[in-house]
Each structure stands twice: as C-alpha cells, then as structure tokens.
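# Descriptive structure summary
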Amino acid sequence: MAQTERTFMAAIGDEDSITGLLLAGIGHIDSHQKKNFLVVDAKTPLSAVEDAFQEFCKRKDIAIILINQHIAEEIRTLIDDHDQAFPTILEIPSKDHPYDPEKDSVLKRVRRLFGE
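I will try to describe carefully the structure that is included in this document. All of these numbers come straight from a predicted model, not from anything done at the bench.

Rules used throughout
Residues numbered from 1 in each chain as written. Predicted model: local features only at pLDDT ≥ 70, side-chain atom pairs only at ≥ 80, totals over all residues. Heavy atoms only, no water. Helix = DSSP H or I, 4+ residues; strand = E, 2+ residues; numbered from the N terminus. Expected span 1.5 Å × (residues − 1). Buried < 20%, exposed > 50% of the residue type's maximum accessible area, 1.4 Å probe, protein only. Arc of directions from axis to C-beta. Contact = heavy atoms within 4.5 Å. Pairing = 2+ DSSP bridges. Lys, Arg positive; Asp, Glu negative; His and termini not counted. Salt bridge = Lys/Arg side-chain N within 4 Å of Asp/Glu carboxyl O. Polar contact = N/O pair within 3.5 Å; in protein donor to acceptor, adjacent residues only side chain to side chain.

### As for helix H2 (residues 46-58)
The end-to-end C-alpha distance of H2, which contains 13 residues, comes to 19 Å, matching closely the 18 Å that a straight helix rising 1.5 Å per residue would cover. Buried within H2 we find Val49, Ala52, Phe53, Phe56 and Cys57. Viewed along the axis of H2, the buried residues span an arc of 135 degrees, placing them on a single side of the element. Structurally, H2 contributes buried residues whose contacts are with strand S1 (8-13), strand S2 (37-39), strand S3 (62-68), helix H3 (69-74), helix H4 (76-81) and strand S4 (88-92).

### Digging into the pairing of S3
Judged by how many residues are buried, S3 sits mostly within the fold: 6 of 7 residues are covered. Sheet topology note: the S1/S3 ladder contains 5 bridges and is parallel. Within the sheet, the bridge partner assigned to phenylalanine 8 lies in S3 and is isoleucine 62. Examined bridge by bridge, S3 and S4 share 5 bridges and lie parallel to one another.

### Brief notes about the side chain of aspartate 30
Relative to the helices and strands, aspartate 30 resides in the loop between helix H1 (15-23) and S2. Buried charge without a salt bridge: aspartate 30, with arginine 59 as the nearest opposite-charge side chain at an N-O distance of 4.5 Å. Reaching out from aspartate 30, the side chain makes a polar contact with the backbone nitrogen of lysine 34 at a distance of 2.9 Å.

### Topic: the pattern of salt bridges
One pass over the structure, following the stated rule, counts 4 salt bridges. Aspartate 16 is paired through a salt bridge with lysine 95; the nearest N and O atoms lie 2.9 Å apart. Pair noted here: aspartate 16 is in helix H1 and lysine 95 is in the loop between S4 and helix H5 (105-113), with a separation of 79 residues, a long-range link. Where arginine 76 meets glutamate 91, a salt bridge forms, and the shortest distance between an N and an O atom there is 2.7 Å. Here the residue arginine 76 occupies a position in helix H4, and glutamate 91 occupies one in strand S4, the gap between them amounting to 15 residues. Here glutamate 91 falls in the buried class, since its relative accessible area comes to 7%. Beyond isolated ion pairs, a larger network of salt bridges with shared partners links Glu73, Arg76 and Glu91.

Listed below in structure tokens is the structure:
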C-alpha cells in the first residue's frame, strides 16, 4: 500500500480532546465498524489503551496518531518502541494536563540525533 493511501488520523485522548478533534472532522468509522479514536477516562483499562495504540499502528490507512501526553506516559514503552515513520505519533496537551517538552518522544529523538 502506498503512503498516499494513509489518509486518516487516529486519536487517543480524554473526552474534551477527542470531542474537539471529532468536531474538527477527524472521526471515521470503517466498514468493519472500527473507529479511529479512543476516549480515555478514569475507568478505561490500560490494556484498552495499549490495544487501541497497537491497532492504530498496524492500520495502513492511518498516517498520524494524536495522543494526549498524559496518556502517552502510561504507554511510554510502546511509544518509544515504535520506530516506523508511519504512523507518526504526536503527543498533544489536554485541558487538564499541560504539555511538557521533556516527556515528548519526538523531541527526545531529535535531541539524541543532535547529541544533546
């Protein structure tokens, strides 16, 4: 499958973040009723977050995975082990958890490249 067929974004986040992203138009449900988003709250088991992340990484129609940084911290090992260009993983802030550049996996990789 060509990279040009990666036409969707996926999102893993809290209710406010996902609602905003869905209102912006990133939501999609395929013919198998699989969504490209996961709403995470206090009752969401860690295994569900891990499963969604791994599923989004395997899907050939997803180019970017947006994930709230505080949720990314819970599955940091999976994120750090992801070494493919696609889907690209971007950590985003949430309303209740500000962005911390020291925890961002992309910035960590850039620092390693430049020997910092």
